[in-house]
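# Structural overview
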Amino acid sequence: DRWILSRLSKVVRNVDAELRAYNPSAAVGAARDFFWGDLCDRYLEIVKPRMRDEGAAPVARSVLALAFDHVLRLFHPFVPFITEALWERLNAQCPVRGLLTPMRTSPLLLQARWPETNPRWEDEALEADFGLAFDLVRAIRDLRAHHGASPGLKLAVSVKASDQETAVLGRLRSLILHLANLESLEA
């Protein structure tokens, strides 16, 4: 959750900067990259197991709703009709959004406030740690494809890593096991 919130704050900052620089193509590109890469490709995969756990699901749902809320706000200047329709569905599904306190929402996305960065969410070290984990998962998936190993086959994987990398991989072990569909991971 902290990783996606860090990425979310940064994409808001990036989109803001590109719009101030009169570069709408880069702004929508940054929003798209966050939506498809960070939110859909990574975070949704990360939270799938938590969504099945009634104890962990509410926090995951709240973070996901907050991220989707912000993404719709970022995309609205570029694709207003689609985002307005999705906003209506988000309001119906999750009328109260926010983490510690409810966010201000509106019935129409057109009237919603532009998202703001939240420097308290940003964590460079955490993002670097997750970057290492995602690189390992990508490498394992590439090796599977190259050697024709089924993605459903649980593998035992051993990697050579520095002491610092080994510590990071140890902290994110369960995430890597899940995303790469591994039986075990040794570093």
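Attention in this report is confined to the structure presented alongside it. Computed from a predicted model, the values in this text were never measured in an experiment.

Turning our attention to the nonpolar core. Ranked by internal contacts, the top residues of the largest apolar core, which has 43 residues, are Trp 3, Ile 4, Leu 39, Phe 130, Ile 176, Leu 182 and Leu 185. For this core, the secondary-structure elements that each account for two or more residues are α1 (2-20), α2 (24-51), α3 (57-75), α5 (124-147), α6 (163-171), α7 (173-180) and β2 (182-186). Looking at which element gives the most residues to this core, the answer is α2, with ten residues. Among all residues touching Leu 185, those that are not within four sequence positions of it are Leu 136, Val 157, Val 159, Arg 173, Ile 176 and Leu 177. Core analysis: the second largest hydrophobic core is formed by seven residues, Ala 65, Leu 72, Leu 90 and Leu 109 among them.

Here α5 contains 24 residues, and its C-alpha end-to-end distance of 34 Å stays within 8% of the 34 Å for a straight helix at 1.5 Å per residue. Burial in α5 covers these residues: Leu 126, Glu 127, Asp 129, Phe 130, Ala 133, Phe 134, Leu 136, Val 137, Ile 140 and Arg 144. Buried residues belonging to α5 abut α1, α2, β1 (155-158), α6, α7 and β2. Capping of α5 at its N-terminal end is provided by Asp 123; its side-chain oxygen lies 3.3 Å from the backbone amide nitrogen of Ala 125.

Let us look at the layout of surface pockets. One number sums up the size of the largest pocket: a volume of about 570 Å³. Taken together, 19 residues line the largest pocket, and the ones lying closest to its centre are Leu 66, His 70, Met 103, Asn 118 and Trp 121. Tallied by class, residues from the lining of the largest pocket come to eight nonpolar, five polar and six charged.

Looking now at the packing of aromatic side chains. Within the structure shown, the criterion is met by five aromatic pairs. Seen in terms of ring centroids, Trp 3 and Phe 130 are 5.6 Å apart; in terms of plane orientation they differ by 10 degrees. Their pairing is stacked. With a gap of 127 residues between them, Trp 3 in helix α1 and Phe 130 in helix α5 connect regions that are remote in the sequence. Each ring, one from Phe 35 and one from Phe 75, has its centre 6.1 Å from the other, and the planes form 85 degrees; the classification is edge-to-face. Of the two residues, Phe 35 sits in helix α2 while Phe 75 sits in helix α3, which places them 40 residues apart along the sequence. Across the pair, exposure class does not vary: Phe 35 and Phe 75 are buried alike. A network of ring pairs unites the aromatic residues Trp 3, Phe 130 and Phe 134 as a single cluster. Just above the ring of Phe 134 sits the side chain of Arg 42; from NZ or CZ to the centre is 4.8 Å.

Evaluation of the coordinates by the stated rule reveals 15 salt bridges. In this structure, Arg 50 and Asp 1 form a salt bridge, with 2.8 Å as the shortest nitrogen-oxygen distance. Here Arg 50 is found in helix α2, whereas its partner Asp 1 is found in the segment before α1, with 49 residues between them in sequence. Since its relative accessible area comes to 23%, Arg 50 is described here as partly exposed. By relative accessible area, Asp 1 is classed as partly exposed at 28%. The salt bridge partner of Glu 122 is Arg 13, with a shortest N-O separation of 2.7 Å.

Running from amino to carboxyl end, α1 crosses α3 at an angle of 10 degrees, the nearest separation of the two axes being 11 Å. Taken together, the axis directions place α1 and α3 in an arrangement best described as roughly parallel. Across the interface between the two elements, Ile 4, Leu 5, Leu 8, Val 11, Val 12 and Val 15 from α1 touch Val 63, Leu 66, Ala 67, His 70 and Leu 74 from α3. Within the contact of α1 with α3, the residues separate by chemical class into ten nonpolar, one polar and no charged.

Judged by side-chain polarity, Val 79, Ile 82 and Leu 86 come together as a nonpolar surface patch covering roughly 230 Å² of accessible area. Relative to the assigned elements, Ile 82 resides in helix α4 (residues 80-93).

Conventions adopted
- Residues numbered from 1 in each chain as written.
- Predicted model: local features only at pLDDT ≥ 70, side-chain atom pairs only at ≥ 80, totals over all residues.
- Heavy atoms only, no water.
- Core = buried A, V, L, I, M, F, W, Y, C linked by side-chain atoms within 4.5 Å.
- Buried < 20%, exposed > 50% of the residue type's maximum accessible area, 1.4 Å probe, protein only.
- Helix = DSSP H or I, 4+ residues; strand = E, 2+ residues; numbered from the N terminus.
- Contact = heavy atoms within 4.5 Å.
- Expected span 1.5 Å × (residues − 1).
- Polar contact = N/O pair within 3.5 Å; in protein donor to acceptor, adjacent residues only side chain to side chain.
- 1 Å grid on protein atoms, 1.4 Å probe; cavity = no way out; pocket = protein on both sides within 12 Å on 5 of 7 lines; lining within 4 Å.
- Points joined across faces, edges and corners; volume = space filled by probe spheres on them.
- Nonpolar A, V, L, I, M, F, W, Y, C, P; charged D, E, K, R; others polar.
- Phe/Tyr/Trp six-rings, centres within 6.5 Å; stacked < 30°, edge-to-face > 60°.
- Lys NZ or Arg CZ within 6 Å of the ring centre and 35° of its normal.
- Salt bridge = Lys/Arg side-chain N within 4 Å of Asp/Glu carboxyl O.
- Axes fitted to C-alpha atoms, helices over the stretch in contact; angles between N-to-C directions.
- Parallel < 35°, antiparallel > 145°, perpendicular 65-115°, else oblique.
- Patch = residues over 30% accessible without salt bridge, like charges linked within 9 Å, V, L, I, M, F, W, Y side chains within 5 Å.
- Areas by Shrake-Rupley, 256 points an atom, 1.4 Å probe, with all protein chains shown as cover.

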